[in-house]
Amino acid sequence: MSSQTPMLEQYKKIKKEYPDSILFFRLGDFYEMFYEDAKIASRVLGIALTSRNKSKKNPIPLCGVPHHSAEPYLAKLLKEGHKVAICEQVDDPKPAKGVVRRKVVRVFSPGVVLDSEHLDSKSNNYLASIYLGGDPLSNRDQESVYGLAYADISTGLFRTTSLDSLDALADEISRIEPKELLLQEEVSQDDSLLSSIIRKAELLITPLNSWIWDRESARELLLDHLSTRTLEPYGLEENPEATVACSSLVQYLKDTQLEDMPLLNDPHLYQKSDFLIIDDSTKRNLEILQPIRGDSSEGSLIWVIDETRTAMGARLIKEWLNYPLIEKQKIEERLDSVAEFKIKTSLSLELESALKEIGDIERLIGRISTSSGRPRDLASIRDSSHFITKIRDALGDADSRILKEIGRTIDNFSDVKKMIEGTIVENPPASGRDGGIIRDGFNAELDGLKSIRRDGKKWIAKLEANERESTGIGSLKVSYNRVFGYYIEVSKINLNSVPERYIRKQTLVNAERFITDNLKEYEEKILGAEDRIIDIERELFDEIRKRVANEAERIRRTSSLIAQVDVLCAFSRASEKNDYVRPIITDDKVIELKNNRHPVIERMRLGERFVPNNIKLDPNENQFLIITGPNMAGKSTLIRQVALTILMAQIGCFVPASYAKIGIADKIFSRVGASDNLARGQSTFMVEMVETAYILRHSTEKSLVILDEIGRGTSTFDGMSIAWAVAESLHDKGCRTLFATHYHELAGLALSKSRTKNYNIYVKNSGDNIVFLRKLVPGAASHSYGIHVAKLAGVPEPVIKSARKILSNLEKSQSELRNSILGGQTSLFKQVDENKMQEEHPIVTEIRELDVNSMTPLDALTKLAEVKKTLEKT
């Protein structure tokens, strides 16, 4: 026989069905957790761990949270990457005999969160699903098609695509930054495959059973979900991989949301090639959404240009930065809108004033579509409608195509507003648990019950006066408490005056409490009214909530248009504030920037004025720019600001320059900075080579490539050889490239490559000191000034002096080595020619077989000395 109580047996049975979730097991007014769940929750939530059956040898760990205020605890567990299954009491516990029936009503996970109070208002909360094919472990190295789908249930967004490589898949996952990823079970168990597609350790991986990934079953499930006979309108009939990814995501939502499935938009199929492609390392290196160091957005591009006033706009601007445009007409249409806002400042200010008052209707309608909708959600939808009307009216005279179209088509859902106004009180409570939601005059029965409750005090006062008069007991009181209900209290000295119709209810030390038939009848009436008021209000609220939810598609369309207006307004404000100029957009390959600035660095307080620069890239003469100059001169800043300027132009924003002509780029690549990836066993140099290899494989003649210090992580000859070979390859591909380097020898590339030009960041040399002028000028730098920079950094003077001495010796040795090599080559080949040897001279053979890449300069000098000595003997 089991030693467990029936309740614990029930707990174990339910927990077995949800082994990967912390089970919130409803017991009265608390959600209780047991065993390992209790230990985890206690640690994460910082609440006391107690125990059940303390007297027994092995007490059961236990901890709990109040069910009426469980949301903050739930949010904290989700933030830490845990799933939570909510197990409710299905039956009324009061009359139940034995164990109350319970069941899981919903499963929460990091990718499935609706409550906007616990979500970042400026970011989407994505659940993603990827499908790697029928046999993902065997075809990983072959050419394959991979399906990706992702959704945000709080906004209804649902998108899907297919990708042709694991690299592309990994980049897209990094771009959307999902909180949870659904995978085939066998993939989740393959660490090497996981590491090739997932770059963030905090991402929750959820493996799903194999039947979910069956192609035919997946298609049928998706058809059923969309209530359609064909997937053709969604572009999925010819894309089985994307179909499976979509279907698995929908199935997971059905399994976790159970009877409260949130409304999703129809799946939108997109192609990665429809947008400017920015890989993960480039996104990180350019600090587009977040600086390399730090958790906030300060110091990133979005920190500079995000002047949005709504939560929907804040999420959309992030999306536009992740998916810049490549179609000239669409870019121009956005720029037209920004230009109109800059000219019509009164229009911009009027819109800004209205935008600030609009709630997050995109997420509000998502919550309203489920049972978690709240009275204040409806009130916010109602209030937002008024300000949406103002935006519609303000855009009535707009000239640009986007703004004119929004003004013509935006829906202010005034009928929904009218319905809510007629039913919900002006300022409803946060929760509908205690009533107070429905407006007077909407429901006659409810109004009658409220009247009973409202008039109760008068009735009690009148009863008390009548009883005092009829009994002659002047101190008699009619009162109420929650435990005993209504009663008549009489002090003991007046008990002789109590009439027979009084029924004793409770005895106190100094008094007796009684009830009468009419008081008992009134008690039943008024207490019944309280309960009935709550029930009716809940029923009415749920009915209204569902009616508003039926308009979700309209409201979401409007939220999308509001977000666009907000972002375009934000671009205008940022452009005005930071003195940006409208770029000229072309389909050719010319990039010409005058007085170009770094949008972020010019906003930072760094103690010096930002120096703008001119840049020109074209396919004929200036395709490949080699930029030399010392550390701290500004090479990295220069090449990044060019990349950021192109990105800003292609999202439809004005740019930091006095003139800008932008030939649209299909991809932006960067290899900037030094970092390792110890978790993947990659050194700094390995990371550099991996990123460089990716650029060489995927760049095209329409791409913009910025490279900073290629080949610095290995020996001088190795690094220089790699840098030269990479430069040649990119030049020959036709990529528009900015190549910053300390290898001055690479300046020689301009002699053999006609589209290569040398530039340097000018430095003024004054004896032992240098002044950084931050100006880009033609020609190659002659010095690296590394010791000068070390001195500026505060390296002690004795070390600086020693470094200068060592540098002098090395430069002398290098000069001798160069001359010796040239001289040695001359005498060697002269000797070979004079002897007219039929066979190759042994020294030639020896030199030909040297592995120069593994030799240090000292090894080379030693070998040269040996060769010279041998030649002198012959």
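Sequence order as written defines residue numbering, which begins from 1 separately in each chain. Predicted model: local features are reported for residues with pLDDT of at least 70 only, side-chain atom pairs are reported and counted for 80 or more only, and whole-chain, interface and lining totals are derived from all residues. No hydrogens and no water enter the side-chain calculation; it runs on all heavy atoms of the structure.

## A few points about the overall build of the protein chain
Turning to step 1, where the next piece is worked out: Numbering of helices and strands runs from the N terminus; a helix is a DSSP stretch of H or I covering at least four residues, while a strand is a stretch of E covering at least two. A tally of helices and strands in the protein chain yields 29 helices and 27 strands.
Turning to step 2, where the next piece is worked out: Contacts: residue pairs with any heavy atoms within 4.5 Å of one another. Of all intrachain contacts in the protein chain linking residues separated by at least 6 positions in sequence, the fraction that spans at least 24 positions is 69%.
Turning to step 3, where the next piece is worked out: For the area figures, the Shrake-Rupley method with a 1.4 Å probe applies, and any residue is considered shielded solely by the protein chains shown. Carbon and sulfur atoms make up 50% of the accessible area of the protein chain, which amounts to about 42,300 Å² in all.

## Quick word on the pairing of strand E2 (residues 30-34)
Turning to step 1, where the next piece is worked out: Summary of the burial criterion: residues with accessible area below 20% of their type's maximum are buried, those above 50% are exposed, and those between are partly exposed, where the area comes from a 1.4 Å probe applied to protein chains only. Counting buried residues in E2 gives four out of five residues, a clear majority hidden from the surface.
Turning to step 2, where the next piece is worked out: Pairing analysis gives three bridges linking strand E1 (residues 21-27) to E2, with the strands arranged antiparallel. Note on E2: the bridge partner recorded for Arg-26 is Tyr-31.
Turning to step 3, where the next piece is worked out: Linking two consecutive strands that pair antiparallel, namely E1 and E2, is a turn of two residues; a positive phi of about 65° is found at Gly-28 within it.
Turning to step 4, where the next piece is worked out: Should DSSP find at least two bridges between two strands, the strands are taken to pair. Of the strand pairs in this sheet, E2 and strand E4 (residues 60-66) are connected by five bridges, and their pairing is antiparallel. Bridged to Phe-30 within E4 is Pro-66.

## Some points on the packing of helix H17 (residues 414-421) against helix H20 (residues 517-549)
Turning to step 1, where the next piece is worked out: Remark: H17 packs on H20, axes separated minimally by 11 Å, with the N-to-C direction vectors making an angle of 175°. Judged by the angle between their axes, H17 and H20 are roughly antiparallel. For the pair formed by H17 and H20, the contact residues are Val-416, Met-419 and Ile-420 on the first element and Ile-544, Arg-547 and Val-548 on the second.
Turning to step 2, where the next piece is worked out: Basically, the charged four are Asp, Glu, Lys and Arg, the nonpolar ten are Ala, Val, Leu, Ile, Met, Phe, Trp, Tyr, Cys and Pro, and anything else, Gly included, counts as polar. Tallied by class, the residues present in the contact of H17 with H20 amount to five nonpolar, no polar and one charged. Between the N-to-C directions of two axes lies an angle of 0 to 180 degrees, each axis being a line fitted to C-alpha atoms and, for a helix, fitted only over the stretch in contact. We call two directions roughly parallel when the angle between them is under 35 degrees, roughly antiparallel when it is over 145, roughly perpendicular when it lies between 65 and 115, and oblique otherwise.

## Focus on the sheet that holds E2
Turning to step 1, where the next piece is worked out: Taken in spatial order, the six strands make up an open sheet running E3-E4-E2-E1-E5-E6, and their pairing is mixed. Every interior strand has two partners, whereas the edge strands, strand E3 (50-52) and strand E6 (102-108), have only one. Here the strands of the sheet are splayed against their neighbours by 35° on average, with no regard to which way each runs.
Turning to step 2, where the next piece is worked out: Its contacts with the sheet put helix H8 (residues 240-257) on strand E5 (83-89) and E6, and the angle it makes with E6 is roughly 135°.

## Topic: the pairing of strand E20 (residues 613-617)
Turning to step 1, where the next piece is worked out: Residues of E20 alternate between two faces, with Asn-613, Ile-615 and Leu-617 buried on one and Asn-614 and Lys-616 left unburied on the opposite face.
Turning to step 2, where the next piece is worked out: Here strand E19 (residues 591-596) pairs with E20 via four bridges, running antiparallel. Within E20, the position partnered with Leu-593 by the bridge is Ile-615.

## Remarks on the sheet that holds strand E18 (residues 584-586)
Turning to step 1, where the next piece is worked out: Read from one edge to the other, the open sheet built from four strands follows the order E18-E22-E19-E20, with strand pairing classed as mixed. Of all the strands in the sheet, the pair left with one neighbour each is E18 and E20. Strand-to-strand, the axes of this sheet are offset by a mean angle of 15°, without reference to chain direction.
Turning to step 2, where the next piece is worked out: Sheet analysis places E18 next to strand E22 (residues 659-663), joined by three bridges and oriented parallel. Among the inter-strand pairings, Ile-585 is bridged to a residue of E22, identified as Ile-662.
Turning to step 3, where the next piece is worked out: Strands E18, E19, E20 and E22 of the sheet are contacted by helix H22 (residues 635-651), whose axis makes an angle of about 115° with E19.

## Side note on the pattern of salt bridges
Turning to step 1, where the next piece is worked out: Any Lys or Arg side-chain nitrogen found within 4 Å of a carboxyl oxygen on Asp or Glu counts as a salt bridge. A full pass over the atoms with the stated rule returns 55 salt bridges.
Turning to step 2, where the next piece is worked out: The closest approach of N and O atoms between Arg-159 and Glu-319, which form a salt bridge, is 2.8 Å. Of this pair, Arg-159 sits in strand E9 (residues 157-163) while Glu-319 is found in helix H11 (residues 311-322), placing the two residues 160 residues apart along the sequence. Both residues of the pair, Arg-159 and Glu-319, belong to the buried class.

## Quick notes on the packing of aromatic side chains
Turning to step 1, where the next piece is worked out: Any two of the Phe, Tyr and Trp rings considered here, Trp counted by its six-membered ring, make a pair once their centres fall within 6.5 Å; the pair's planes then place it as stacked at under 30 degrees, edge-to-face at over 60, or tilted in between. Applying the stated criterion across every chain, the model contains 17 aromatic pairs.
Turning to step 2, where the next piece is worked out: Each ring, one from Tyr-11 and one from Phe-25, has its centre 5.4 Å from the other, and the planes form 85°; the classification is edge-to-face. Placement of Tyr-11 in helix H1 (residues 6-17) and of Phe-25 in strand E1 is noted, with a sequence separation of 14 residues between them.
Turning to step 3, where the next piece is worked out: Note on Tyr-11: relative accessible area 2%, which makes it buried.
Turning to step 4, where the next piece is worked out: Judged by relative accessible area, which is 0%, Phe-25 ranks as buried.
Turning to step 5, where the next piece is worked out: Taken together, the ring pairs in this structure connect Tyr-126, Tyr-150, Tyr-270, Phe-275 and Tyr-323 into an aromatic cluster.

## Structural notes on the nonpolar core
Turning to step 1, where the next piece is worked out: Residues Ile-305, Leu-321, Leu-351, Ile-381, Val-548, Phe-571 and Leu-647 are the most contacted members of the largest nonpolar core, which totals 118 residues.
Turning to step 2, where the next piece is worked out: Excluding anything up to four places from it in sequence, Ile-381 contacts Ile-361, Leu-364, Ile-368, Phe-413, Val-416, Ile-420 and Ile-555.
Turning to step 3, where the next piece is worked out: For this analysis, a nonpolar core means a set of buried residues of the types Ala, Val, Leu, Ile, Met, Phe, Trp, Tyr and Cys, connected via side-chain atoms within 4.5 Å. Listed in part, the 29 residues of the second largest apolar core include Leu-114, Ala-151, Leu-222 and Tyr-234.

## Examining helix H19 (residues 456-471)
Turning to step 1, where the next piece is worked out: Multiplying 1.5 Å by the helix residue count minus one yields the expected span of that helix. Taking 1.5 Å per residue, 16 residues should reach 22 Å; H19 reaches 22 Å between its end C-alpha atoms and fits that length.
Turning to step 2, where the next piece is worked out: Of all the positions in H19, only Gly-456, Ile-460, Leu-463, Glu-464, Glu-467 and Thr-471 are classed as buried. Projected down its long axis, H19 carries its buried residues within an arc of 100°, all on one side. Of the residues in H19, the exposed ones pointing more than 90 degrees away from the buried face are Lys-458, Lys-462 and Glu-469.
Turning to step 3, where the next piece is worked out: Check the buried side of H19 and you find it contacts helix H18 (444-454), strand E14 (477-481), strand E15 (485-491) and H20.
Turning to step 4, where the next piece is worked out: Just downstream of H19, Gly-472 is the residue with a positive phi angle, here 80°. It is the directions from the helix axis to the C-beta atoms that the arc portrays.

## A closer look at helix H15 (residues 375-394)
Turning to step 1, where the next piece is worked out: Spanning 20 residues, H15 covers 30 Å between terminal C-alpha atoms, matching the ideal 28 Å at 1.5 Å per step.
Turning to step 2, where the next piece is worked out: The inward-facing, buried residues of H15 contact helix H13 (345-355), helix H14 (361-368), H17, H20 and helix H21 (552-578).

## Overview of the side chain of Thr-160
Turning to step 1, where the next piece is worked out: Tracing the chain through its elements places Thr-160 in strand E9.
Turning to step 2, where the next piece is worked out: Judged by its relative accessible area of 0%, Thr-160 falls in the buried class.
Turning to step 3, where the next piece is worked out: Contacts of Thr-160, omitting those with residues within four sequence positions, involve Leu-148, Ala-149, Leu-236, Ala-242, Cys-246, His-268, Leu-269 and Tyr-270.

## Here we look at the environment of Glu-537
Turning to step 1, where the next piece is worked out: By secondary structure assignment, the location of Glu-537 is in helix H20.
Turning to step 2, where the next piece is worked out: For Glu-537, a relative accessible area of 1% puts it in the buried group.
Turning to step 3, where the next piece is worked out: For Glu-537, the contacting residues outside a window of four places in its chain are Gly-435, Gly-436, Ile-437, Ile-438, Leu-446 and Lys-450.

## Here we look at the confidence of the model for the protein chain
Turning to step 1, where the next piece is worked out: Along the chain, pLDDT gives the predictor's confidence residue by residue, from 0 to 100. Per-residue confidence for the protein chain averages 85 on the pLDDT scale, and 84% of its residues sit at or above 70.
Turning to step 2, where the next piece is worked out: Taken together, the stretch residues 676-681 has pLDDT below 50 and engages in 10 contacts with residues farther than four places along the chain or on a different chain.
Turning to step 3, where the next piece is worked out: Note that pLDDT drops below 50 for residues 824-838; the model gives that stretch 12 contacts with residues more than four away or on any other chain.

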